[in-house]
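Inside the fold
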Amino acid sequence: MEGTKIAKRFEGKVAIVTASTQGIGFTIAERLGLEGASVVISSRKQKNVDEAVEKLKSRGIEVLGVVCHVSNAQQRKNLIDKTIQKYGKIDVVVSNAATNPSVDSILQTQESVLDKLWDINVKSSILILKDAGPHMSKGSSVVIISSIAGYHPPASMAMYGVTKTALLGLTKALAAEMAPNTRVNCVAPGFVPTHFASFITENDALRKEVEGRTMLNRLGTTQDMAAATAFLASDDASYITGETLVVAGGTPSRL
Ligand code: NAP
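Going by what an unreviewed UniProt entry lists, the protein chain is known as Tropinone reductase-like 3 and is assigned to Quercus lobata. Within the UniProt record for the protein chain, the comment given under Sequence similarities (unreviewed entry) is "Belongs to the short-chain dehydrogenases/reductases (SDR) family."

Right under this line is the structure:
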């Protein structure tokens with residue numbers, strides 16, 4: 001976004017983005033911050049939190065960094081408590097954390113791995129919103145990060161894909177539950193060359209195959225995902241709730 005003039009849709013707003021010290025989450029936090037939000041970033045490792053806080057501060061962004069492994073109840077509570085202590089309210093929550101620990105087929109996946117996938121990819125989104133919900137008032141919004149893999153879970157990440165399918169349903173259900181004060185929407189990214197997707201994007205043959213499935217003939221960028229998330233979180237989307245925006249360059253997903 002160097003050199004581009006961007007809107008200031010989040011002035012006076014407070015935004016929490018989980019798993020936000022690198023990759024898509026970091027760029028979402030950066031985008032919301034550049035648009036005027038006070039952003040609360042977090043991830044598992046203090047060092048990563050400190051480094052990301054410095055990067056955002058150097059861009060003039062008001063930021064608080066908190067260590068939060070999303071499946072740790074104490075750390076989730078601390079994330080919300082620290083946000084309220086410093087900023088007094090929550091306007092936006094972006095639930096971005098996920099794990100993909102296995103390439104096994106679904107029926108070969110160990111029970112402990114199934115538990116971990118549900119815990120981090122689905123349950124933690126619910127639990128963080130349970131903690132944040134009481135602090136969210138009229139006009140607030142939630143964006144859940146799913147994946148293109150949620151539409152057609154690929155063999156190499158089938159169970160991960162199924163947890164991402166669950167987030168599409170969770171978005172609909174929570175949109176009804178949190179209405180009318182809070183809108184709940186979802187972004188389903190295509191492949192983006194981050195650490196998370198490096199096993200695909202750093203393999204030439206796989207990368208070309210993924211690019212070939214897009215209409216735009218390229219991978220996504222973290223900025224593509226941040227722009228869509230910022231739109232859904234902003235008042236520009238004030239009549240949109242319960243929806244999933246696929247941001248995947250035309251990769252087949254649904255009609
Ligand atoms: P990434 O670049 O690998 O970044 C992951 C971030 O999450 C890091 O800041 C990491 O920091 C943090 N993190 C990891 N586990 C965590 C946990 N249990 N609790 C809290 N923080 C945690 O990943 P990404 O590609 O941006 O992925 C972000 C989201 O986009 C995920 O939901 C993913 O499923 C989705 N997505 C990605 C792609 C893609 O192609 N990249 C495509 C579709 C959907 P620490 O190590 O310090 O915890």
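Taken as a whole, this structure holds zero disulfides when the rule is applied. Among the cysteines around Cys 68, which has no disulfide bond, Cys 186 carries the closest sulfur, lying 20 Å off. Note on Cys 186: relative accessible area 0%, which makes it buried.

On to the pattern of salt bridges. All chains considered together, the criterion is met by 15 salt bridges. Between Asp 91 and Lys 89 there is a salt bridge; the shortest N-O distance is 3.1 Å. Asp 91 gets classed as buried once you look at its relative accessible area, which sits at 11%. Among the residues examined, Lys 89 registers a relative accessible area of 32% and is labelled partly exposed. Asp 119 is the partner of Lys 123 in a salt bridge, and the nearest nitrogen-oxygen pair spans 3.3 Å. Taken together, the residues span about one helical turn, with Lys 123 and Asp 119 both in helix H4 (residues 111–132) at a distance of four residues.

Another point: unusual backbone geometry. For the bond from Ala 179 to Pro 180, the omega torsion is 0°, close enough to zero to count as cis. Mapped onto the elements of the fold, Pro 180 is located in the loop between helix H5 (158–178) and strand S6 (182–189). In the Ramachandran plot, Asn 217 falls in the positive-phi region, its phi being about 55° despite a non-glycine side chain.

What follows concerns the packing of H4 against H5. Remark: H4 packs on H5, axes separated minimally by 9 Å, with the N-to-C direction vectors making an angle of 20°. By the angle class used here, H4 and H5 are roughly parallel. When you trace H4 past H5, the crossing you get is right-handed. On H5, the residues touching Leu 114, Leu 117, Trp 118, Asn 121, Val 122, Ser 125, Ile 126 and Leu 129 of H4 are Met 159, Tyr 160, Val 162, Thr 163, Ala 166, Leu 167, Leu 170 and Leu 174.

All right, on to the nonpolar core then. In globular proteins that are soluble, nonpolar side chains generally tend to be buried together. Of all hydrophobic cores here, the largest spans 33 residues; its most connected members are Ile 28, Leu 32, Val 39, Leu 56 and Val 94. Elements represented by at least two residues in this core include exactly strand S1 (14–17), helix H1 (23–34), strand S2 (38–43), helix H2 (46–58), strand S3 (63–67), strand S4 (90–95), strand S5 (136–145) and helix H8 (222–233). Apart from the residues lying within four places of it in its own chain, the contact partners of Val 39 are Ala 15, Ala 29, Leu 32, Gly 33, Leu 56, Ile 61, Glu 62, Val 63 and Leu 64. Counting 24 residues, the second-largest nonpolar core is a separate cluster that includes Val 93, Ile 128, Met 136 and Leu 170.

Their axes nearest at 10 Å, the elements H1 and H2 cross at an angle of 30°. Taken as axis vectors, H1 and H2 run roughly parallel relative to one another. H2 is crossed by H1, and the crossing has right-handed handedness. For the pair formed by H1 and H2, the contact residues are Phe 26, Ala 29 and Glu 30 on the first element and Ala 52, Lys 55 and Leu 56 on the second.

Its 12 residues give H1 an end-to-end C-alpha distance of 17 Å, which sits within 8% of 16 Å, the value for a rise of 1.5 Å per residue. The buried fraction of H1 amounts to 11 of the 12 residues, a majority that puts the element mostly inside the structure. Looking only at H1, the buried set comprises Ile 24, Gly 25, Phe 26, Thr 27, Ile 28, Ala 29, Glu 30, Arg 31, Leu 32, Gly 33 and Leu 34. Where H1 terminates, the next one or two residues include Gly 36, which has phi positive at roughly 110°.

Parameters at a glance
- Residues numbered from 1 in each chain as written.
- Predicted model: local features only at pLDDT ≥ 70, side-chain atom pairs only at ≥ 80, totals over all residues.
- Heavy atoms only, no water.
- UniProt positions renumbered as here; feature names shortened; annotations may be inferred.
- Disulfide = S-S within 2.5 Å.
- Buried < 20%, exposed > 50% of the residue type's maximum accessible area, 1.4 Å probe, protein only.
- Salt bridge = Lys/Arg side-chain N within 4 Å of Asp/Glu carboxyl O.
- Helix = DSSP H or I, 4+ residues; strand = E, 2+ residues; numbered from the N terminus.
- Axes fitted to C-alpha atoms, helices over the stretch in contact; angles between N-to-C directions.
- Parallel < 35°, antiparallel > 145°, perpendicular 65-115°, else oblique.
- Left-handed = near helix turned anticlockwise from the far one by under 90°.
- Contact = heavy atoms within 4.5 Å.
- Core = buried A, V, L, I, M, F, W, Y, C linked by side-chain atoms within 4.5 Å.
- Expected span 1.5 Å × (residues − 1).

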